[in-house]
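# A closer look at the structure
Single-letter residue listing:
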4 protein chains.
Amino acid sequence: MKRIDSLQALHQRLNEFVAERDWEQFHYPKNVAMALAAEAGELLEHFLWLTPEQSDQLSKEQLAEVELEAADVLFFLIRFCDRLDIDLLQAAERKLAINEKKYPVAKSRGKATKYTKL
Amino acid sequence: MKRIDSLQALHQRLNEFVAERDWEQFHYPKNVAMALAAEAGELLEHFLWLTPEQSDQLSKEQLAEVELEAADVLFFLIRFCDRLDIDLLQAAERKLAINEKKYPVAKSRGKATKYTKL
Amino acid sequence: MKRIDSLQALHQRLNEFVAERDWEQFHYPKNVAMALAAEAGELLEHFLWLTPEQSDQLSKEQLAEVELEAADVLFFLIRFCDRLDIDLLQAAERKLAINEKKYPVAKSRGKATKYTKL
Amino acid sequence: MKRIDSLQALHQRLNEFVAERDWEQFHYPKNVAMALAAEAGELLEHFLWLTPEQSDQLSKEQLAEVELEAADVLFFLIRFCDRLDIDLLQAAERKLAINEKKYPVAKSRGKATKYTKL
């Protein structure tokens, strides 16, 4: 099977995966947003009791699990955007431009206190 | 500025964004996983009281907001993977192969009851 | 063992549970807030693909599981408040007074569109 | 107005609050579980970039905000249980008994590595 070497390729493969199973009928944006949040919650579970420093030093086993959770988050994010006809990279470009203005380098440098967003 | 036309291009731009602000020091995987979950929660807020059907019919204004939340989720997901040296597309390929086995077409077709994952 | 018949009784039992296991050392508010969000994510998982109407008609088995997830959320909420010396009922009273003003009956009646909070 | 001095009193006040606004129609368990998760996400936002130690040392202003988020979580948890006829304290008692067995003192003492739940 063709390698997944781009967001577009993954998007297409996910569409096929869902179409083959006739799951589009369940993938209302509301439902997919919930699934995304649930997966984000699963990702969290790996880090609850680690110090920030420990979270930088995962074992191979932990990393292998965490990778799969990250993939799940991406799957539902792509499905969400597919359903609502959102171009994810274009949205990212638009949001990044907003963040550039919101957090000017001169005022944001080295400070975590003033922002809660990337 | 160069268009963001791939996950790689976005990844690079985010790295620059963070480096310019010296924010890498805050981006422990634990913290970024929290930020990702918080953004997933913000995405949820747009859908709380909508019926599934209504969630398919967002207004232009709602869609414009929702797009930006989706971008935020992607930002932190990319940052998370960057920090832990996870190749997100490769992880997606690995997870998709697992899901293909976990949800064989013949048994999964049209059924939501047996699965909670994509 | 004494029945848990009030929030105070539960609070005390949880304190004992944690003290016996020497877990207070892990229960930084940051960590407990993460655990609370992770449990809220687990609660979500039960409802992803249900219609709103179906979510009102859980089977006994589903209900038994969901109850335990709800308890987990409460545990971490109580732990969180314990650690930060928050009186949860007093906070609830304060927030309810805010909500009464924010959502006056005359303007809020029967409308979901204007609010995203209780 | 009567003081809120118990979970039962809060439960009753919330029921009145919702009835006055005719909001019961929106409070499907699916929707309320989403609202709970969204509030848990808001709570998270206060802690993203704090060290665990800093999260123990919130300013009065931060604490005042965090208290209100905690109240929001409790509101939706109570609403959720009301809708599904779950007795929250009884569920807590049942879950605590499970946790007592799952995390025996002798084996759990001082160890965070083996558990991800309270």
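Let me sum up the structure you'll find in this document. This structure is a prediction, so every number in the text was calculated from the model and none was measured. Every chain is numbered independently, its residues counted from 1 as its sequence is written. Lettering of chains starts at A and numbering of ligands starts at 1, both following the order in which they are written. Given that the model is predicted, a residue must reach a pLDDT of at least 70 before its local features are reported, and side-chain atom pairs must reach 80 or more before they are shown or counted; all residues, however, enter totals for whole chains, interfaces and linings. To get the side-chain values, all heavy atoms of the structure are used, and hydrogens and water are removed first.

## A word on the interface of chain D and chain B
- In this complex, chain D contributes 15 residues to the contact, which on the side of chain B involves 15 residues.
- Both faces considered, chain D and chain B share a buried interface measuring about 1,400 Å² in area, 73% of it formed by carbon and sulfur atoms.
- Two parts placed together each lose some accessible area under a 1.4 Å probe, and adding up what both lose gives the buried area. When the buried area of chain D at its contact with chain B is split by residue, M34, L48 and W49 of chain D rank highest and sum to 40% of it.
- Here a salt bridge means any side-chain nitrogen of Lys or Arg lying within 4 Å of a carboxyl oxygen belonging to Asp or Glu. At the boundary of chain D with chain B, the tally comes to 0 salt bridges.
- Strands here mean DSSP runs of E at least two residues long; helices mean DSSP runs of H or I at least four residues long; both are numbered from the N terminus. Broken down by element, the side of chain D that touches chain B gets its largest block of residues, 9 residues, from helix α2 (residues 29-45) of chain D. It only takes one pair of heavy atoms within 4.5 Å for two residues to be counted as in contact.

## Remarks on the interface of chain C and chain D
- Counting residues at the interface gives 84 residues for chain C, matched by 84 residues for chain D.
- Contact between chain C and chain D buries roughly 7,400 Å² in total, counting both sides, with carbon and sulfur atoms accounting for 68%.
- On inspection of chain C and its partner chain D, the count reaches 10 salt bridges.
- Here R3 of chain D makes a salt bridge to E93 of chain C, at a shortest N to O gap of 3.0 Å.
- Distance and chemistry together define a polar contact, namely a pair of N or O atoms within 3.5 Å, with one atom able to donate a hydrogen and the other to accept it when in protein, and with adjacent residues in sequence counting only for side-chain atoms on both sides. Viewed at the interface, chain D and chain C are joined by 32 residue pairs in polar contact (both at pLDDT 80 or more).
- Sorting the residues of the side of chain C that touches chain D by element identifies α1 (7-21), α2 (29-45), α3 (52-55), α4 (60-83), α5 (88-102) and α6 (105-108) of chain C as the ones contributing at least two each.
- When residues of the side of chain C that touches chain D are assigned to their parent elements, the largest contribution, 17 residues, is made by α4 of chain C.

## Points about the relation of the copies chain C and chain D
- Superposition of the copies used a least-squares fit over C-alpha atoms from residues whose pLDDT is at least 70 in both. Once turned by 180° and shifted 0.0 Å along the axis, chain C lies on chain D with an RMSD of 0.0 Å. Interpreted geometrically, this transformation is the action of a two-fold axis.
- Taken as a fraction of all interface residues of chain C, those also at the interface in chain D reach 100%, which identifies the copy contact as same-surface.

## Looking at the relation of the copies chain D and chain B
- Note on the identical chains: chain D maps onto chain B by a rotation of 180° and an axial translation of 0.0 Å, with an RMSD of 0.0 Å.
- The overlap is high: 100% of the interface residues of chain D also sit at the interface in chain B, so the same surface is used on both sides.

## Thoughts on the packing of α2 of chain D against helix α4 (residues 60-83) of chain D
All names here are of chain D.
- Here α2 crosses α4 at 165°, and the two axes come no closer than 9 Å. Relative to α4, the element α2 lies roughly antiparallel. Judged by the sense of rotation from one axis to the other, the crossing of α2 with α4 is left-handed. Across from P29, V32, A33, A35, L36, E39, A40, E42 and L43 in α2, the residues of α4 making contact are V66, E69, A70, D72, V73, F76, L77, R79, F80 and R83.
- In terms of residue class, the contact of α2 with α4 is made up of 13 nonpolar, no polar and 6 charged. Only C-alpha atoms enter the line fits that serve as axes; for helices the fit covers just the stretch in contact. Angles between N-to-C directions range over 0 to 180 degrees. Note on terminology: angles under 35 degrees are roughly parallel, angles over 145 are roughly antiparallel, angles of 65 to 115 are roughly perpendicular, and the others are oblique. In this scheme the crossing of two helices becomes right-handed for a clockwise turn of the near helix relative to the far one and left-handed for an anticlockwise turn of less than a right angle. Only Asp, Glu, Lys and Arg are considered charged, only Ala, Val, Leu, Ile, Met, Phe, Trp, Tyr, Cys and Pro nonpolar, and every remaining residue, Gly among them, polar.

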